[in-house]
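Next come the chains, spelled out residue by residue.
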Amino acid sequence: EDQVTQSPEALRLQEGESSSLNCSYTVSGLRGLFWYRQDPGKGPEFLFTLYSAGEEKEKERLKATLTKKESFLHITAPKPEDSATYLCAVQATPNDYKLSFGAGTTVTVRA
Amino acid sequence: EAQVTQNPRYLITVTGKKLTVTCSQNMNHEYMSWYRQDPGLGLRQIYYSMNVEVTDKGDVPEGYKVSRKEKRNFPLILESPSPNQTSLYFCASRPPGVVKQYFGPGTRLTVT
């Protein structure tokens, strides 16, 4: 069974204080790893897809990286508007229809 | 505008009273899914559909039913809701392949 574990559960940062979120996964065959952002009471919004170890993607202050066992979401010089819950999910063989999510990391950035 | 819509957005009901949460997408996507989200547990898949008339169970299907009679619609049916089905529900859709899912705005269900 696919397993996705995110850490830490919660992260409180001062504005400008860079940090990283971790997503470790155990799957039979990774097809893709996704990062989503979720604001309170809203649906998840897509951030990145990573397909293979060594791949990196960037968007504004966010950078996602992937190894064979985990992914990191780096937040550089965060602003209060980066406060949200960040979700990691994997799509893996043999069940290509399923997306397995981690429990998420809630990030709070104080001004 | 490409979107997934859900109705209702909020629902308070009583144990045993049948209810349906509707989901519709305007992107002609083949795949649709239903998830529930509970604190500390993340998003868990209830049911998914690969195309019209093709559905299968996800991780937590007990107490739920679905149907896919049209490509755009994927309703979630609770025949006899119980308090442990109190949760935040999300519908999602995507095309085939390793691509992002589009999520609806969520339906907050409370069963008393």
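In what follows, the accompanying structure is described. (Residues numbered from 1 in each chain as written. Chains lettered and ligands numbered in written order. Predicted model: local features only at pLDDT ≥ 70, side-chain atom pairs only at ≥ 80, totals over all residues. Heavy atoms only, no water.)

**Here we look at the pairing of strand S9 (residues 84-93) of chain A**
Residues and elements named next belong to chain A. S9 sits mainly inside the fold: nine of its ten residues count as buried. The pairing of S9 with strand S11 (residues 105-110) spans three bridges and is classified as antiparallel. In the strand pairing of S11, Ala84 is matched with Val107. The pairing of S9 with strand S10 (residues 100-101) spans two bridges and is classified as antiparallel. Along S10, the bridge assignment pairs Ala89 with Phe101. (Buried < 20%, exposed > 50% of the residue type's maximum accessible area, 1.4 Å probe, protein only. Helix = DSSP H or I, 4+ residues; strand = E, 2+ residues; numbered from the N terminus. Pairing = 2+ DSSP bridges.)

**Quick look at the sheet that holds strand S3 (residues 19-25) of chain B**
Residues and elements named next belong to chain B. The four strands lie next to each other as S1-S3-S8-S7, forming an open sheet whose pairing is antiparallel. Strands with a single pairing partner mark the edges of an open sheet, and in this sheet they are strand S1 (4-7) and strand S7 (65-66). As paired elements, S7 and strand S8 (residues 76-78) share two bridges and run antiparallel to each other. Opposite Lys65, over in S8, you have Ile77 as the bridge partner.

**Quick notes on the interface of chain A and chain B**
With 21 residues of chain A at the interface, the matching set in chain B holds 22 residues. Carbon and sulfur atoms make up 56% of the area that chain A and chain B hide from each other, which totals about 1800 Å². Here Lys98 of chain A ties to Asp59 of chain B by a salt bridge, and the two come within 2.6 Å at their closest N and O atoms. Inspection of the region where chain A meets chain B yields five residue pairs in polar contact (both at pLDDT 80 or more). A per-element tally of the side of chain A that touches chain B places strand S4 (residues 29-38) of chain A first, with five residues. Within the side of chain A that touches chain B, the residues separate by chemical class into ten nonpolar, seven polar and four charged. (Contact = heavy atoms within 4.5 Å. Buried area = accessible area lost by both parts, 1.4 Å probe. Salt bridge = Lys/Arg side-chain N within 4 Å of Asp/Glu carboxyl O. Polar contact = N/O pair within 3.5 Å; in protein donor to acceptor, adjacent residues only side chain to side chain. Nonpolar A, V, L, I, M, F, W, Y, C, P; charged D, E, K, R; others polar.)

**Focus: the sheet that holds strand S6 (residues 56-59) of chain A**
All names here are of chain A. Spatially, five strands are ordered S1-S3-S8-S7-S6 in an open sheet, and the strand pairing comes out antiparallel. The sheet terminates laterally at strand S1 (3-7) and S6, the two strands that pair on one side only. Mean inter-strand twist for the sheet, computed between neighbouring axes without regard to direction, equals 15°. Summarising the sheet, S1 and strand S3 (residues 19-26) pair through five bridges and their orientation is antiparallel. Across the sheet, Thr5 pairs through a bridge with Ser24, a residue of S3. (Axes fitted to C-alpha atoms, helices over the stretch in contact; angles between N-to-C directions.)

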